[in-house]
Amino acid sequence: MKNLRSASVLAAGLGISFLLTSCTPTPPDQPSPPATSSAAPSTAPLPSLATSRSAEPAGQAAPTGNPRVVSSGLEAPWSVVFRDGTALISERDSARILELAEDGSSRTIGTVPGVAGTGEGGLLGLAVDDQGRLYVYSTGAGENRIQRFDVSGEPGSLALGDAVTILDGIPSASYHDGGRLAFGPDGMLYATVGDAGQAGQAQDLDSLGGKILRMRADGEVPNDNPFDGSLVYSYGHRNPQGLAWAQDGTMFATEFGQNTWDELNIINAGANYGWPTVEGIDDAEGFTNPVQQWTPDVASPSGMTHVDGTLFIANLRGSVLRAVPVADPATFTDHYDGEYGRFRDVTVSPDGELWFLTNNTDGRGTPGPDDDRILEVGLEQG
């Protein structure tokens, strides 16, 4: 375990009024798309990423004991959620949704029709509402879309119903598809949408690309969204990923940057996070700085969850589970550095254990004989 403090975090006023722009580089096997017009990062000098050892902040949740394998043999899994205590998993390339039994075995409850993604596209994020309905973000023919499914049956024999499309026409590509879904404490459905390789979309409020969206469960625009008649909640994103809310309702998001900085942001309604004009922390007028930034080789922050004052972030290229205390978001602690390969998602099980999902079979990792896996570890207060 490594305990680190980032000097490249912006504290805005008192408390934690920070926000996010993201920066995971485009992997070597996929060329960085050229940014449009102002896509180059600002020429103003960026703070360096300095680290120093520090004591673990008191009162924060931390993993305890050795992780155990919950399930293995998964194929490019992307998201894990719980429905009435049963774990449901999306597989990006097979378009299958799996349910897990108590012994860790899996069975297919259904295959999402029309999934046609390549590269980073495919069957991506999942969310479950208070009626037990499953929401799915996936790549179809020339678009990303969000669909809702009824789920019938009992655990061990669950079945996926027919698709109801609540939002389509979301920009798609073989990279920068976003894809995370989550219900916020306000009961609204949030979705992260990448710029689909067209950087200029992030600043265009008439495009859904490069945004975080907020909608009702039927896909309609809430009356209190920041832009009248629009699903756009925040903009200026390159490829936002994880979503989580602190106990006080503060919304956090992780984001892949291009070549310089990955980000952790606090998301405020209507805020502009700067892409493609800036990447990472910058003093450019009109843009919101991230709370914390990392170089992509130690990050690529994907799924995220909040537990008892701590944000846990699954990192792909960095191959670590990163813990960030909400009360001191300028710090972070790394766990399992390189021990399990790439991490795609992290969540909390109904019994309070921390689950994290490896992602070594997605074409960019080095899979072991049991990959991919869900691992589970207990939590304690620091």
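Everything here concerns the structure above.
So, here is what we can say about the structure in this document.

Procedures and definitions
Residues numbered from 1 in each chain as written. Predicted model: local features only at pLDDT ≥ 70, side-chain atom pairs only at ≥ 80, totals over all residues. Heavy atoms only, no water. Pairing = 2+ DSSP bridges. Helix = DSSP H or I, 4+ residues; strand = E, 2+ residues; numbered from the N terminus. Axes fitted to C-alpha atoms, helices over the stretch in contact; angles between N-to-C directions. Polar contact = N/O pair within 3.5 Å; in protein donor to acceptor, adjacent residues only side chain to side chain. Contact = heavy atoms within 4.5 Å. Buried < 20%, exposed > 50% of the residue type's maximum accessible area, 1.4 Å probe, protein only. Phe/Tyr/Trp six-rings, centres within 6.5 Å; stacked < 30°, edge-to-face > 60°. Lys NZ or Arg CZ within 6 Å of the ring centre and 35° of its normal. Salt bridge = Lys/Arg side-chain N within 4 Å of Asp/Glu carboxyl O.

Quick look at the sheet that holds strand β24 (residues 343-348) now. Strand pairing in a sheet relies on backbone hydrogen bonds, with the paired strands running either antiparallel or parallel. Across the sheet, which stays open at both edges, the four strands sit in the order β3-β26-β25-β24 with antiparallel pairing between neighbours. Unpaired on one side and paired on the other, β3 (61-71) and β24 mark the two borders of the sheet. Neighbour-to-neighbour, the strand axes of the sheet open up by a mean angle of 25°, direction not taken into account. Pairing of β24 with strand β25 (residues 354-358), which is carried by five bridges, proceeds in the antiparallel orientation. Paired with Asp345 across the strands is Leu357, a residue of β25.

Moving on to the side chain of Ser349. Take Ser349: it is sitting in the loop between β24 and β25. Reaching out from Ser349, the side chain makes a polar contact with the side chain of Asp351 at a distance of 2.2 Å. Not counting chain neighbours up to four residues away, the residues in contact with Ser349 comprise Phe82 and Trp355.

Quick look at unusual backbone geometry now. Residue Pro276 is bonded to the preceding Trp275 through a cis peptide linkage, with omega at 5°. Looking along the chain, the bond that leaves Asp371 and enters Asp372 is cis, with omega of -5°. Here Asp372 is to be found in the loop between β25 and β26 (374-381). Of note, Asp84 is a non-glycine position whose phi angle comes to about 50°, a positive value.

With that out of the way, let us pick up the environment of Leu134. Here Leu134 shows up in strand β9 (residues 134-140). Along the chain, Leu134 and Ala163 lie 29 residues apart, while their C-alpha atoms are 9.8 Å from each other.

What follows covers the side chain of Arg344. You can see Arg344 is positioned in strand β24. Judged by relative accessible area, Arg344 falls into the buried class, the value being 7%. A distance of 2.7 Å separates polar atoms of two side chains, one belonging to Arg344 and the other to Asn359. Setting aside residues no more than four positions away along its own chain, Arg344 makes contact with Pro77, Trp78, Arg180, Gln241, Ser302, Gly303, Ala314, Leu316, Leu357, Asn359 and Asp362.

Here we take up the packing of aromatic side chains. Following the criterion strictly, the structure yields ten aromatic pairs and no others. Consider the rings of Tyr135 and Phe183, whose centres lie 5.2 Å apart with planes at 80°: the pair is edge-to-face. One end of the pair, Tyr135, is in strand β9; the other, Phe183, is in strand β12 (residues 181-183), with 48 residues separating them in the sequence. For Tyr135, a relative accessible area of 0% gives the class buried. Here Tyr190 and Tyr233 contribute two aromatic rings whose centre-to-centre distance is 5.5 Å and whose plane-to-plane angle is 90°, an arrangement assigned as edge-to-face. With a gap of 43 residues between them, Tyr190 in strand β13 (residues 189-193) and Tyr233 in strand β15 (residues 232-235) connect regions that are remote in the sequence. Members of the aromatic cluster, joined through ring pairs, are Tyr336, Tyr340, Phe343 and Phe356. It is Arg238 that lies over the ring of Trp275; its NZ or CZ is 5.7 Å from the centre.

Our next topic: the pattern of salt bridges. A complete count under the given rule lists 15 salt bridges for this structure. Between Arg96 and Glu91 there is a salt bridge; the shortest N-O distance is 2.8 Å. Relative accessible area serves as the criterion here: at 26%, Arg96 is assigned to the partly exposed category. On the basis of relative accessible area, Glu91 is assigned to the buried category, the value being 0%. Where Arg322 meets Asp334, a salt bridge forms, and the shortest distance between an N and an O atom there is 2.6 Å. Separated by twelve residues along the polypeptide, Arg322 in strand β22 (residues 321-325) and Asp334 in strand β23 (residues 331-335) bring together distant segments of the chain.

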